Amino acid sequence: MIRFGDITIDRANRRISNGDRSYQWQEETNGHRTRYVSFRLVQLLLLGGGMTVQEMFDALYGDLENGGPLYGPKVITVLLTQIKPRLRDLDLDLRIYRHNSYCIYKAVSVHV
């Protein structure tokens, strides 16, 4: 269990809470291997202090022998779009900080 501020991350049950709001992730299957990619992505956004798409891709798929999905980091862009409603349910927002040639993504409380 990880706690910081109003955020609680329960890895064993794949549940993230922000104050009185909570969301539990369901299993995602990719062929024979069960992964919790969107749950892990939200954890990265909350705990990573801001990450690029490439950094998120490496953190999520770097342990796979085949290197991850065929389309590489583009998969992260799709996942970021898919998790936005879950973040809103938790009173969180996906912030994008643009730099010269890259963007940093971070999940933050909507009350900040």
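Everything below is about the structure shown above.
Now for a look at the structure at hand. Predicted model, so just to flag it, every value in this text is computed and none were measured.

## A closer look at the packing of helix H1 (residues 37–47) against helix H2 (residues 53–61)
Right, so step 1: Their axes nearest at 10 Å, the elements H1 and H2 cross at an angle of 130 degrees. Our classification of the angle between H1 and H2 gives oblique. Crossing hand, H1 versus H2: right-handed. For the pair H1 and H2, the contacting residues are Val37, Arg40, Leu41, Leu44 and Leu45 in the first and Met56, Ala59, Leu60 and Tyr61 in the second.
Right, so step 2: By residue class, the composition of the contact of H1 with H2 is eight nonpolar, no polar and one charged.

## Considerations on the environment of Lys74
Right, so step 1: Turning to its location among the elements, Lys74 is positioned in helix H3 (residues 74–89).
Right, so step 2: The class of Lys74 is exposed, set by a relative accessible area of 62%.
Right, so step 3: Spatially, the C-alpha atom of Lys74 lies 8.9 Å from that of Phe57, the residues being 17 residues apart in sequence.

## Things to note about unusual backbone geometry
Among all residues save glycine, negative phi is the norm, and among peptide bonds the norm is trans.
Right, so step 1: Notably, Arg14 is not glycine yet its phi reads approximately 50 degrees, a positive angle.
Right, so step 2: For Arg14, a relative accessible area of 18% gives the class buried.
Right, so step 3: With a phi angle near 65 degrees, Asp91 is a residue other than glycine that sits in the positive phi range.
Right, so step 4: Within the secondary structure layout, Asp91 lies in the loop between H3 and strand E7 (92–98).

The rules behind each value
Each chain has its residues counted from 1, following the order in which its sequence is written. Residues qualify for local features only when their pLDDT is at least 70, as the model is predicted, and side-chain atom pairs are given and counted only at 80 or more; totals for whole chains, interfaces and linings, by contrast, use all residues. Side-chain metrics in this entry use all non-hydrogen atoms of the structure; hydrogen atoms and water are not considered. For helices, the axis comes from a line fit to the C-alpha atoms of the stretch in contact; other axes are also lines fit to C-alpha atoms, and the angle between any two N-to-C directions lies between 0 and 180 degrees. Comment: elements are numbered from the N terminus, with helices defined as DSSP H or I runs of at least four residues and strands as E runs of at least two. Orientation categories follow fixed angle ranges, with anything under 35 degrees roughly parallel, anything over 145 roughly antiparallel, 65 to 115 roughly perpendicular, and all other angles oblique. Rotating anticlockwise by less than a right angle from the far helix to the near helix defines a left-handed crossing, while the corresponding clockwise rotation defines a right-handed one. Residue contacts follow a heavy-atom distance rule, with two residues in contact if any of their heavy atoms lie within 4.5 Å. Just so you know the grouping, Ala, Val, Leu, Ile, Met, Phe, Trp, Tyr, Cys and Pro go in nonpolar, Asp, Glu, Lys and Arg go in charged, and all remaining residues, Gly too, go in polar. The cut-offs for exposure are 20% and 50% of the maximum accessible area for each residue type, with area from a 1.4 Å probe on protein chains only; residues under the lower value are buried, those over the upper are exposed, and the others partly exposed.

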